[in-house]
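# Close look at the chain arrangement
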Amino acid sequence: MKAIEQQIAALREQLQKHNYAYYVLDEPTVPDAEYDRLFHELKQLEEQHPELVTPDSPTQRVGAPLIGGFTPVEHAVPMLSLDNAFSADDLVAFCRRVAERLDKEGVREAQAFCCEPKLDGIAVTLRYEQGALVQAATRGDGTAGENITANVRTIPSVPLRLQGSGFPPVLEVRGEIYMPRGGFQRLNEQALAAGEKTYMNPRNAASGSLRQIDPAVTAKRPLEFCCYGYGEIDGALLPDSHFDRLRLFHQWGFRINPEMQRITGTEALQAYYDDIAAKRDALPYDIDGVVFKVDAVSLQERLGMVSRAPRWATAYKFPAQEELTVLERIDFQIGRTGAVTPVARLQPVLVGGVMVSNATLHNMDEIARLDLHEGDTVIIHRAGDVIPKVLRAVPERRPSNARKVPLPDHCPVCDAPIERLEGEVIARCTGGVTCGAQRLEALKHFVSRKAMDIDGVGEKLLETLIEKQWVMQFSDLYRLTFDQLMALDRMGEKSAQNTIDALAKSKQTTLPRFLFALGIREVGETTARNLALHFGHLDALMRASEEALIAVTDVGPIMAKHIRQFFEQEHNVDEIRSLIGQGIQWPAIEVPSVDAQPLVGETWVVTGKLETATRDEVKADLQALGAKVVGSVSAQTTCLIAGPGAGSKLTKAESLGIPVLDEAGWLARRQALLGAN
Ligand code: JCF
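What this report covers is the structure whose coordinates are included nearby. Everything quoted here is computed from the prediction, not taken from an experiment.

Conventions and cut-offs
- Residues numbered from 1 in each chain as written.
- Predicted model: local features only at pLDDT ≥ 70, side-chain atom pairs only at ≥ 80, totals over all residues.
- Heavy atoms only, no water.
- Axes fitted to C-alpha atoms, helices over the stretch in contact; angles between N-to-C directions.
- Helix = DSSP H or I, 4+ residues; strand = E, 2+ residues; numbered from the N terminus.
- Parallel < 35°, antiparallel > 145°, perpendicular 65-115°, else oblique.
- Left-handed = near helix turned anticlockwise from the far one by under 90°.
- Contact = heavy atoms within 4.5 Å.
- Pairing = 2+ DSSP bridges.
- Salt bridge = Lys/Arg side-chain N within 4 Å of Asp/Glu carboxyl O.
- Buried < 20%, exposed > 50% of the residue type's maximum accessible area, 1.4 Å probe, protein only.

### Considering the packing of helix α12 (residues 436–447) against helix α13 (residues 459–467)
- Look at α12 against α13: their axes get within 10 Å of each other, and the N-to-C directions meet at 130°. Here α12 lies oblique to α13, going by the angle between them. Crossing of α12 against α13: the hand is right-handed. Along its contact with α12, which presents Arg439, Leu440, Leu443, Lys444 and Val447, the element α13 presents Glu459, Leu462, Glu463 and Ile466.

### As for the sheet that holds strand β9 (residues 261–264)
- With mixed pairing, the five strands of this open sheet are ordered in space as β2-β13-β10-β3-β9. Bordering the open sheet on either side are β2 (84–85) and β9, each of which pairs with just one other strand.
- By the bridge criterion, seven bridges tie strand β3 (residues 112–119) to strand β10 (residues 287–294) in an arrangement that is antiparallel. Paired with Pro117 across the strands is Val290, a residue of β10.
- Its contacts with the sheet put helix α3 (residues 88–104) on β2, β3, β10 and β13 (313–317), and the angle it makes with β13 is roughly 175°.

### Focus: the pattern of salt bridges
- Per the counting criterion, the structure on display carries 36 salt bridges.
- With a closest N to O distance of 3.6 Å, Lys118 and Asp288 form a salt bridge. With Lys118 in strand β3 and Asp288 in strand β10, the pair connects residues that are 170 residues apart, well separated along the chain.
- We classify Asp288 as buried; its relative accessible area is 18%.

### Some points on the environment of Val297
- Structurally, the position occupied by Val297 is in helix α10 (residues 297–303).
- Classification of Val297 as buried rests on a relative accessible area of 5%.
- C-alpha separation for the pair Val297 and Phe243, spaced 54 residues apart in sequence, amounts to 9.7 Å.
- Discounting chain neighbours no more than four positions away, the residues touching Val297 are Tyr230, Asp240, Ser241, His242 and Arg245.

By themselves these figures say nothing about function.
Here it is as structure tokens:
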């Protein structure tokens, strides 16, 4: 019997050590399989000897479901809340208040602060008696909370028994239970797949997981506990430094925040805040600010508190990333190809430190999914540099005159009918080039760098030219005169001349550029090049049937149809003639015969910095030789050309055993291929 007891104790001790290494230190000491074996062995021994099972055994995390809900728990020491600071000025004021009060107490020297990120989770207090976890409770109103012991016991980073020595016989450890972002995402994905309800954010998920009646459910949720303070301590003296106390707690088995630091000086505190703010999006968990605490516990006591919040601490909050505002209106914007995009016009609101008054709604399905009405109060989210988005409406706040917004049946710009084809998400204005919005977008595309590359003709100038009705179609650009441009506001002699020169220069182009510039639906840069190479002459392309078009590399039936439709419209053909009449020209293309395209059927990728040519030029060379050029390496890749600075694509190619050429290698290969013909 004695031997069994010893065996059980040894197993528990080993498991607790591995658990601490894994969940608290993030440094696993043994493979999972070894942990599982030890756990299984202990479980078997305990089944054979049920009288030896203790509540702090690692096998006893999940207990019986709670009947009758969570009972109230009075806190031996109240759980405080924190005062807030929202700006550098607030921080300076906080530091000054602390210094002035301490000065009155005769304490003159600068004080160190214990600093840590403020976790966005649920505050809890854990009570340990003789080293064993006896109770876990929520903060509640600060005086009394709810008993959630059964659920908290299932969280692996909560020790069921303190480890090491020197801990007080009574110790209340306080901290935050939270759900890391990765775990939250996986949880929601599983819920979605199972058709269950998802959680709004990691904080709600943590809260919902703790409120489960059945601890077995909580046990499956990816919760963590990180400690930042304490309540009642009895029977032992601890160091006077808050920072040192937390480090002791860490030794006894708790996670502490790895970003925790002890810092002196207002400027250094502000720098800590800035540093954590910059790291915010990269941290694996949500935070909403940083917490600063006077480090000396003896001075904390002398500073005391005002209305539940200590004078010795502050939460310096980040600008909120989510805000409520009113959706005043839904507008519809028209893109180059007529695509109708709904845009939310919002009552301006500060989100994450930036004033937001517009958010894209993508398409009508998105509006339906969010059930948005004009007049709704909505939650706007903006993280980092991301474009603001509407997370959801708040139905409780919907005014009685809130209005559903249907897809308009006529274009708000040109009044042409809007159509949404069966099965398509996107609605389109049918006005084509007669639509002012499509005209502006088409012209912006026409002058852009990879199209006609007309330097100095930007959106503002195009808007003016359209407004004056000087430019209604592409070819009108080439009819502009120096005197006309000079007549425009804010146009000097020099920029007028530069514009005329840029227009003149753009007339010497290439067929692929010209085709791309026309803005035929679905025809991007690569397709334009394939079409040019395949047909050699514009006339041949303009006459090509859908079947002939489908024969071109990477042209499918839908694209073929769009191309055919484009050239069937008389105004498009007239416009092309007009442009050529203005002097637009390109060098003849020699259509390579099939055997002049030795790379047909091959797929190449180009990455890194090249010396003798740009990546686009190498790409063009490869395509002229018949290769397909794509952006990412896969098992289908024939060869990778990698210049210096190549990153993940090179690593991937190497791991897949795909041939890699450096620039010199490619030039040699190219020479050989061209020489062979
Ligand atoms: O991380 C937190 N959410 C957090 C909350 C950190 C702290 O140091 C706190 C807190 C709430 C109250 N300290 C107190 C006194």
